[in-house]
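# Observations on the three-dimensional arrangement
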Amino acid sequence: MLQEFIAKAIWFLKIYYVENQLLVQFLLLFVITYMLLMYWLNPRLSPVLRKVLAIFCLLVELAGIAYFTLGFREIGTSHRYELEMFWSYKKWIFGGNVELGMEVINNIALFFPLGFLLNDALKKASFWKVLMLSMFLSIAVESTQLVYKIGLFELDDIFNNTVGAMAGWCLFHILRSPVRNRCRMPKKRRRYAQARL
């Protein structure tokens, strides 16, 4: 049973990568570069430079969200919407609709960088602030799709986008902890040395 699940998951991820190469490459390159620069290679960047870099990267992320959600879609003939919660999960998991499964992953992954970018750009944004901002942005995207007939307004998409941003927020705090400790270590050692004198 477990082997069958793992085999299906690997099969799904292979198809997902083939179908969404551009999005996956953009996110991987963007997230890894940002994390390396801001948290591992140079954790002692000046606060001003850090803020400027964070705001620039936030603008890149917002442009990416606009491109992947609005930029390449064709204008439809009617306003389309789906207000049933988790309908896409049901059709993906129980109905075997792989395309909807890929859309779920896309919506989570696309908003993932937003969670940690908001932390840097807004100077330690709280859980609730990131939750509300990501939800507001997602509602704005979905509403634009509905008004201009370029997609399907879905409550599932708003949920997935918000989950993606909150996952990014959590990763920010997980990765920031060791970096903060590493930056503080020399100060602690200095204090210890001074106390012994």
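Residues numbered from 1 in each chain as written. Predicted model: local features only at pLDDT ≥ 70, side-chain atom pairs only at ≥ 80, totals over all residues. Heavy atoms only, no water.

### Some words on the nonpolar core
- In terms of nonpolar packing, the biggest core is built from 31 residues, with Tyr-34, Phe-116 and Leu-117 touching the most fellow members.
- Of all the elements in the fold, those that place two or more residues in this core are α1 (2–19), α2 (21–41), α3 (47–71), α5 (98–121), α6 (127–147) and α7 (155–196). (Core = buried A, V, L, I, M, F, W, Y, C linked by side-chain atoms within 4.5 Å. Buried < 20%, exposed > 50% of the residue type's maximum accessible area, 1.4 Å probe, protein only. Helix = DSSP H or I, 4+ residues; strand = E, 2+ residues; numbered from the N terminus.)

### Focus: α6
- End to end, α6 covers 30 Å across 21 residues, agreeing with the expected 30 Å (1.5 Å per residue, within 8%).
- Inspection of α6 places Val-130, Leu-131, Ser-134, Ser-138, Val-141, Glu-142 and Gln-145 among the buried residues, and these make up the whole buried set. Projected down its long axis, α6 shows its buried positions confined to an angular sector of 105°, all on one face. Away from its buried face by more than 90 degrees, α6 exposes Trp-128, Met-132, Phe-136 and Val-147.
- Backbone geometry just after α6 places Lys-149 at a positive phi near 55°. (Expected span 1.5 Å × (residues − 1). Arc of directions from axis to C-beta.)

### Things to note about the packing of α1 against α5
- Here α1 crosses α5 at 70°, and the two axes come no closer than 11 Å. As judged from the angle between their axes, α1 and α5 are roughly perpendicular. Of the residues in α5, those touching α1 at Trp-11, Phe-12, Ile-15, Tyr-16 and Glu-19 are Val-98, Gly-101, Met-102, Ile-105, Asn-106 and Ala-109.
- Of the residues that constitute the contact of α1 with α5, the class distribution is eight nonpolar, two polar and one charged. (Axes fitted to C-alpha atoms, helices over the stretch in contact; angles between N-to-C directions. Parallel < 35°, antiparallel > 145°, perpendicular 65-115°, else oblique. Contact = heavy atoms within 4.5 Å. Nonpolar A, V, L, I, M, F, W, Y, C, P; charged D, E, K, R; others polar.)

### Topic: the packing of α3 against α5
- Where α3 meets α5, the axes come as close as 9 Å, and the angle between the chain directions of the two elements is 155°. Judged on the interaxial angle alone, α5 and α3 are roughly antiparallel. You can see that α3 and α5 cross each other, and the crossing is left-handed. Every residue of α5 that contacts α3 at Arg-50, Lys-51, Ala-54, Ile-55, Cys-57, Leu-58, Glu-61, Leu-62, Gly-64, Ile-65, Phe-68 and Thr-69 is listed here: Leu-110, Phe-111, Pro-113, Leu-114, Leu-117, Leu-118, Asp-120 and Ala-121. (Left-handed = near helix turned anticlockwise from the far one by under 90°.)

### A few points about unusual backbone geometry
- One non-glycine residue, Phe-86, lies in positive phi territory at about 65°.
- For Phe-86, the location among the structural elements is in the loop between β1 (80–82) and α4 (87–93).
- The class for Phe-86 is partly exposed, based on a relative accessible area of 36%.
- For Lys-149, which is not glycine, the phi dihedral falls at a positive 55°.

### Considering the pattern of salt bridges
- The tally for this structure, following the rule as stated, stands at two salt bridges.
- Of the charged contacts in the structure, one is a salt bridge between Lys-8 and Glu-4, with a shortest N-O distance of 3.8 Å. Taken together, the positions of Lys-8 and Glu-4, both in helix α1 and four residues apart, correspond to about one turn of that helix.
- Accessibility expressed as a relative area gives 53% for Lys-8, which makes it exposed.
- Notably, a salt bridge pairs Glu-84 with Lys-90, separated by 2.9 Å at the nearest N-O pair.
- Its relative accessible area of 38% is what places Glu-84 among the partly exposed residues.
- For Lys-90, a relative accessible area of 41% translates into the label partly exposed. (Salt bridge = Lys/Arg side-chain N within 4 Å of Asp/Glu carboxyl O.)

### What to know about the packing of aromatic side chains
- The final tally for this structure, using the stated rule, is twelve aromatic pairs.
- With 6.4 Å between their ring centres and 25° between their planes, Phe-12 and Tyr-16 make a pair best called stacked. Here Phe-12 and its partner Tyr-16 are both found in helix α1, four residues apart, which amounts to about one turn of the helix.
- On the accessibility criterion, Phe-12 (11% relative accessible area) is buried.
- On the basis of relative accessible area, Tyr-16 is assigned to the buried category, the value being 8%.
- Relative to Trp-92, the ring of Phe-12 lies with its centre 5.4 Å away and its plane at 35°, an arrangement referred to as tilted. Here Trp-92 lies in helix α4 and Phe-12 lies in helix α1, a separation of 80 residues in the sequence. (Phe/Tyr/Trp six-rings, centres within 6.5 Å; stacked < 30°, edge-to-face > 60°.)

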